[in-house]
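Residue-level listing of the chains:
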Amino acid sequence: MREIQAAVIERAGQPTTIETLRLDDPRPGEVLVRMTASGVCHSDLHVRDGHWERPGPIVMGHEGAGVIEAVGEGLDPRVVGRPVALSWYAPCLRCRECQRGRQWLCTASPALRHAQADGTTRLSRPDGSPVLAYLSIGTMASAQVVPATAVVPMPDGVPPEVAALIGCGVATGVGAVTRTARVPAGSTVAVIGLGGVGLSCVMGAVLAGARRIVAVDVNRAKIDLAGTLGATHWVQADPETPRRTIDAIREAAGDGGPDFVFEAIGLPATIEQAIGALPPGGTAVLVGLTRFGQSASFEAFPFVDGGRRILGSNYGSSVAAVDFPALAEAYLAGRLPVDRLIDRRLALPELEDAFDRLRDGQAARQVVMFQA
Ligand code: APR
Ligand code: ZN
């Protein structure tokens, strides 16, 4: 047992408080990780602001990296000291979806219960009451016990904040392009929404060899950042005039519209713009997660008549154990400049301020750094 510092919310919709919690030792199939970095992702904000109902009390954070400090019985202790990135969807490796290689659809992940595989948690308050860990990894904490299948070793030389981002935003955005959509070289691509996820879609489009990359956001600074990552064209969106945004995307892409449009916000209005900008044969890839219960609509006849497609992309259709090391190597080779997404490093007590900046659309990627 040890004491940790962690950002806890009592339940969805409530502010975070920094608490001292008790962390029990890892059991079989579990790993103790000392956290080094944790990115502030919009999915945390959805929970913080009550858009997504979640049980509580719960430690926030799901985009993390750390160093293995101990392993549960049965695991190889030689991994102690290894730097790792964490997956927020620890696969069970036994269900039908895991068996067919679609781990992002695992039906028995401990992440579904924000607990360990046996359904219990290693976290408790000083009074002994249990505390959950968001998606089983609750990375806004100085240390955590996590399922062993959530832990992916990183090659030497990857900074902690880069490893953290690989664990959510980068895998989600790059994977949407390379895995879910399998964008062929020479394609035209538009990306709507340039947060950590959308900027990763831009980097993914560069990796895929896209011919034109149209970066779309309401915020000019985000557009400029996308330009440094390889976007070739841009559209500054005005939510008041969605039709104009659609027309501008089509014109920038050429040939009647982009072959692929990635929506990386999660708003019904921008989902409809993504579909509306497609030429015949085009594909809209929905990456952003909406609030619960929201719908988007499109006119069916031209959609079918034009052979258009819509794909939902969860976690970039990534298999963490395979894709995280590959993303890390692409970073080390200079082909995936993940570090450029980071516009602020902060300490855990500043998390609420980081949420304010993210809510205002000001932030690119902010990362909480932990002291060794
Ligand atoms: N049109 C264009 N851009 C917009 C609009 C709009 N109407 N509204 C917001 N944006 C831009 C913001 O300016 C910001 O740059 O969308 C971007 C969203 O970025 P973040 O808030 O940083 O979100 P991110 O962490 O990248 O996550 C995006 O993916 O995983 C999901 O839950 C996550 O739904 C969220 C989405
Ligand atoms: Zn995330």
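The rules behind each value
Residues numbered from 1 in each chain as written. Chains lettered and ligands numbered in written order. Predicted model: local features only at pLDDT ≥ 70, side-chain atom pairs only at ≥ 80, totals over all residues. Heavy atoms only, no water. Pairing = 2+ DSSP bridges. Helix = DSSP H or I, 4+ residues; strand = E, 2+ residues; numbered from the N terminus. Donors = N, O, S within 2.8 Å, 3.2 Å for Na, K, Ca; no water. Buried < 20%, exposed > 50% of the residue type's maximum accessible area, 1.4 Å probe, protein only. Phe/Tyr/Trp six-rings, centres within 6.5 Å; stacked < 30°, edge-to-face > 60°. Near = heavy atom within 4 Å. Polar contact = N/O pair within 3.5 Å; in protein donor to acceptor, adjacent residues only side chain to side chain. Areas by Shrake-Rupley, 256 points an atom, 1.4 Å probe, with all protein chains shown as cover. Domains from an automatic or database assignment. Contact = heavy atoms within 4.5 Å. Buried area = accessible area lost by both parts, 1.4 Å probe. Salt bridge = Lys/Arg side-chain N within 4 Å of Asp/Glu carboxyl O.

1. A look at the sheet that holds strand β7 (residues 123-124)
One closed barrel holds the five strands; their spatial order is β1-β2-β7-β8-β4, and the pairing between them is mixed. Relative to strand β8 (residues 130-133), β7 is paired through two bridges, and the arrangement is antiparallel. Its bridge partner being in β8, L123 is matched across the sheet by V131.

2. Here's the deal with the coordination of the zinc ion (ligand 2)
Looking at the metal site, the zinc ion (ligand 2) is ligated by C41 (SG), H62 (NE2) and C168 (SG), spaced 2.0 to 2.3 Å from it. Between consecutive donors of the zinc ion (ligand 2), the numbers of intervening residues give the motif C-x20-H-x105-C. Taken together, the positions of C41 in the loop between β3 (30-40) and α1 (42-48) and C168 in helix α3 (residues 160-180) put the pair 127 residues apart, joining distant regions of the chain. A single burial state applies to C41 and to C168, both of which are buried.

3. Some details on the packing of aromatic side chains
A full pass over the atoms with the stated rule returns six aromatic pairs. Each ring, one from F260 and one from F262, has its centre 6.5 Å from the other, and the planes form 25 degrees; the classification is stacked. Taking the relative accessible area as the measure of exposure, F260 reaches 7% and is therefore buried. Each member of the aromatic cluster is reached from another via a ring pair, and the members are W88, Y89, Y315 and F324.

4. What to know about the site of ligand 1
If you check the shell around ligand 1, you find 22 residues, and the closest are H42, S43, D217, K222 and R365. In the model, an oxygen atom of ligand 1 is placed 3.5 Å from a nitrogen or oxygen of the G195 main chain. Contact distances for ligand 1 include 3.1 Å between an oxygen atom and a backbone N or O atom of G196. For ligand 1, the protein covers 91% of the area, taking 740 Å² as the surface of the free molecule. At the level of secondary structure, the elements contributing two or more residues to the shell around ligand 1 comprise α1 and α4 (196-208). The greatest single-element share of the shell around ligand 1, amounting to three residues, is contributed by α1. When residues of the shell around ligand 1 are assigned to domains, at least three map to each of domain 1 (2-167 + 317-369) and domain 2 (182-312).

5. Examining helix α7 (residues 268-276)
The complete set of buried residues in α7 reads T270, I271, Q273, A274 and I275. As for α7, its buried residues are in contact with β11 (188-192), α6 (242-253), β14 (260-263), β15 (283-286), α8 (300-305) and β16 (309-312).

6. Quick look at the domain arrangement of the chain
Domain boundaries assigned for the chain yield domain 1 (2-167 + 317-369) and domain 2 (182-312). Using C-alpha coordinates to define each centre, domain 1 is positioned 29 Å away from domain 2. The interface of domain 1 with domain 2 comprises 17 residues on the first partner and 15 residues on the second. Between domain 1 and domain 2 the total buried area reaches about 1,400 Å² when both faces are included, carbon and sulfur atoms providing 66% of it. Linking domain 1 with domain 2 are zero salt bridges.

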